[in-house]
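Listed here are the chains, written in short residue letters.
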Amino acid sequence: MATNTETSLTKKVWTLATTLAGQGIGFTDYITQLTYLLFLKMDNENTEMFGEDSAIPEGYRWSDLIDLDGLDLIAQYESTLKKLSEEENLIGTIFVKAQNKIDKPVYLKKVITMINEEQWLVMDGDVKGAIYESILEKNGQDKKSGAGQYFTPRSLIQAMVDVARPQIGETVCDPACGTGGFLLAAYDYMKNQSQDKAKRDFLRDKALHGYDNTALVVTLASMNLYLHGIGTDRSPILCQDSLEKAPDTLVDVILANPPFGTRPAGSVDIDRQDFYVETKNNQLNFLQHIMVMLKNTGRAAVVLPDNVLFEGGAGETIRKELLKNFNLHTILRLPTGIFYAQGVKANVLFFQKGTPTKNVWYYDYRTGIKHTLATKPMQRQHLDDFVKCYNADNIQARQETERFKSYPVEDLLARDKTSLDITWIKQTENDEDITLNELISTIEEKSQNIVNAVAQLKELMAGIEE
């Protein structure tokens, strides 16, 4: 339940956001500058209230900003961002590629004044974190900025963590971490499992690993974890493209929602000798990376689009590998209407490395299910039955229900292209009712798929003609 402090401060933060939006300063730019300034303010509080040495170089601290106005304020702030972006460890991660996006002194002053009115460091970590999380969530709803691509529904994250059950002492990774939702949920799940100081220190400083190739996202994720007391010296988040090279270390648990679609323009070509097959499909490459990154007996819960279940070629090769050398024991089929990108059909694949699959259990939370972000968002309780059926205490004792069915691996391997795209619940006419917006989104999605297919065909034809 939200505290009064959390509610009032969140309201204050977003009242100012609305003011700035009227001046053309988008939510994403606002929250980024808020992050930079909040870090400076908390460093200042740490120095003044607790007598600690400042982590910020002299001449670039909160005290060097607070009394300035006008163009002097802009100049000092931009100089500070440049300097701190060149630092190492946590500071360098928070300020990675930092730039000022509030170029009008009066509005920058407004943000600084609002932050200065509060004592952030003495605020409970859960309160600070909740305020920041609420800002990230609202930012994720900003369709114009495209920030929603970084946001996985918290209800889905929570259910995935509840059945994956990370244990204190294990390492947890998200190779496409966005704003850190999976890592934070895993931390919350593990933090009360032990009072042993060594284990708790390991959890806070070494257990979590996140990667993202967008500087803005790395800043937001690092601050998100920092405000929850995680990675106070060195951020567990790194700004790098996970697919460029083989992982440096293997991990126990992977929780992820990799980006769907094709690889972004300008990305480095993937040349991975440790992959099972070469492909340009972004989500198939992330799936391969996750399979490689797991320790033996390590486990993963990964959100992936429908085409991963049925696409031929590379997709079939990877599915065969999953069934033969991993235990792909569960697939959760998700409904549309739960992501900010409309019309997305996705699944969660749960698998463990090192033992072959015997049976794949499917939970159909799609057929006959309707969610919308505005009027009926998916809540954690909507997935209670899935969590119950999953039976994490003993998956060998699972029982079939109307929505939960088991398929022997021999039957799946015998299917055309080893397709894992299975449904058994019959749709009714009402199930097929869709809104005009959903229809348009579906048409757009299919059109984009055709465009992508034509582009790939042209590449192949060019290679043949050469």
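Preceding this section is the structure that the text describes.
Everything numeric in this text was worked out from a predicted model, so none of it was measured.

Quick look at the overall build of the protein now. A count of helical and extended segments in the protein gives 16 helices and 9 strands. Per-residue burial for the protein yields a buried fraction of 49% across its 466 residues. Relative to all contacts within the protein whose residues are 6 or more apart in sequence, the contacts with residues 24 or more apart total 76%. Accessible surface for the protein amounts to roughly 22,300 Å². Of this, 48% is attributable to carbon and sulfur atoms.

In contact at an axis separation of 10 Å, helix 2 (residues 27–50) and helix 5 (residues 105–116) are set at 45 degrees when each is read in the N-to-C sense. Classified by the angle between their axes, helix 2 and helix 5 sit oblique to one another. Judged by the twist between their axes, the crossing of helix 2 over helix 5 is right-handed. When helix 2 is examined against helix 5, the residues Y30, L34, L37, L38 and K41 are found in contact with a partner set consisting of L108, V111, I112, M114, I115 and N116. Class assignment for the residues of the contact of helix 2 with helix 5 results in 9 nonpolar, 1 polar and 1 charged.

A few words on the pattern of salt bridges. In total, this model carries 20 salt bridges according to the counting rule given. A salt bridge links R272 to D274; the nearest nitrogen and oxygen atoms lie 2.8 Å apart. Since its relative accessible area comes to 8%, R272 is described here as buried. A residue is classified by how much of its surface remains accessible, and D274, at 26% relative accessible area, is partly exposed. Here R366 ties to D306 by a salt bridge, and the two come within 2.8 Å at their closest N and O atoms. Residue R366 is located in the loop between strand 8 (359–364) and helix 14 (384–390), and its partner D306 is located in the loop between strand 5 (294–305) and helix 12 (307–310); the two are separated by 60 residues in the primary sequence. Considered together, R366 and D306 belong to a single accessibility category, that of buried residues. By sharing partners, the salt bridges in this structure join K197, D201, R204 and D205 into a single network.

This paragraph deals with the side chain of T80. Relative to the assigned elements, T80 resides in helix 3 (residues 70–85). Not counting chain neighbours up to four residues away, the residues in contact with T80 comprise L40 and Y60.

When you tally the buried positions in strand 4 (residues 251–256), you get 6 out of 6 residues, the bulk of the element. For strand 1 (residues 172–174) and strand 4, the ladder comprises 2 bridges, and the chain directions are parallel. Across the sheet, V172 pairs through a bridge with V253, a residue of strand 4. Looking at chain direction, strand 4 and strand 5 are connected through 5 bridges and run parallel. Note on strand 5: the bridge partner recorded for I254 is A300.

Note: strand 5 against strand 7 (residues 346–353), 7 bridges, orientation antiparallel. Paired with A300 across the strands is F351, a residue of strand 7.

Summarising the element assignment, L294 is placed in strand 5. By relative accessible area, which is 1% here, L294 ends up buried. Sequence separation between L294 and V253 is 41 residues; the distance between their C-alpha atoms is 7.1 Å. Setting aside residues up to four positions removed in sequence, L294 forms contacts with L250, V251, D252, I254, R299, A300, F351 and K353.

Moving on, we come to the environment of N224. When you line up the elements, N224 lands in helix 10 (residues 215–227). Sequence-wise, N224 and L136 are 88 residues apart; in three dimensions their C-alpha atoms are separated by 8.8 Å. In this structure N224 touches G129, Y132, E133, L136, T179 and L184, once residues within four positions along its chain are discounted. A polar side-chain atom of N224 sits 2.9 Å from the main-chain carbonyl oxygen of T179.

This part covers the packing of helix 3 against helix 5. Two elements in contact, helix 3 and helix 5, have axes whose closest approach is 9 Å; the angle formed by their N-to-C orientations is 65 degrees. By the angle class used here, helix 3 and helix 5 are roughly perpendicular. Seen along the crossing, helix 3 lies across helix 5 with a hand that is left-handed. In this structure, helix 3 contributes G70, L71, L73, I74 and Y77 to the contact, and helix 5 contributes P105, L108, K109 and I112. Looking at the contact of helix 3 with helix 5 residue by residue, the classes come out as 7 nonpolar, 1 polar and 1 charged.

A complete count under the given rule lists 2 cavities of 30 Å³ or more for this structure. One number sums up the size of the largest cavity: a volume of about 90 Å³. Around the largest cavity, the lining residues are Y211, Q240, D241, S242, K245, A246, P247, D248, H289 and M293.

Analysis parameters
- Residues numbered from 1 in each chain as written.
- Predicted model: local features only at pLDDT ≥ 70, side-chain atom pairs only at ≥ 80, totals over all residues.
- Heavy atoms only, no water.
- Helix = DSSP H or I, 4+ residues; strand = E, 2+ residues; numbered from the N terminus.
- Buried < 20%, exposed > 50% of the residue type's maximum accessible area, 1.4 Å probe, protein only.
- Contact = heavy atoms within 4.5 Å.
- Areas by Shrake-Rupley, 256 points an atom, 1.4 Å probe, with all protein chains shown as cover.
- Axes fitted to C-alpha atoms, helices over the stretch in contact; angles between N-to-C directions.
- Parallel < 35°, antiparallel > 145°, perpendicular 65-115°, else oblique.
- Left-handed = near helix turned anticlockwise from the far one by under 90°.
- Nonpolar A, V, L, I, M, F, W, Y, C, P; charged D, E, K, R; others polar.
- Salt bridge = Lys/Arg side-chain N within 4 Å of Asp/Glu carboxyl O.
- Pairing = 2+ DSSP bridges.
- Polar contact = N/O pair within 3.5 Å; in protein donor to acceptor, adjacent residues only side chain to side chain.
- 1 Å grid on protein atoms, 1.4 Å probe; cavity = no way out; pocket = protein on both sides within 12 Å on 5 of 7 lines; lining within 4 Å.
- Points joined across faces, edges and corners; volume = space filled by probe spheres on them.

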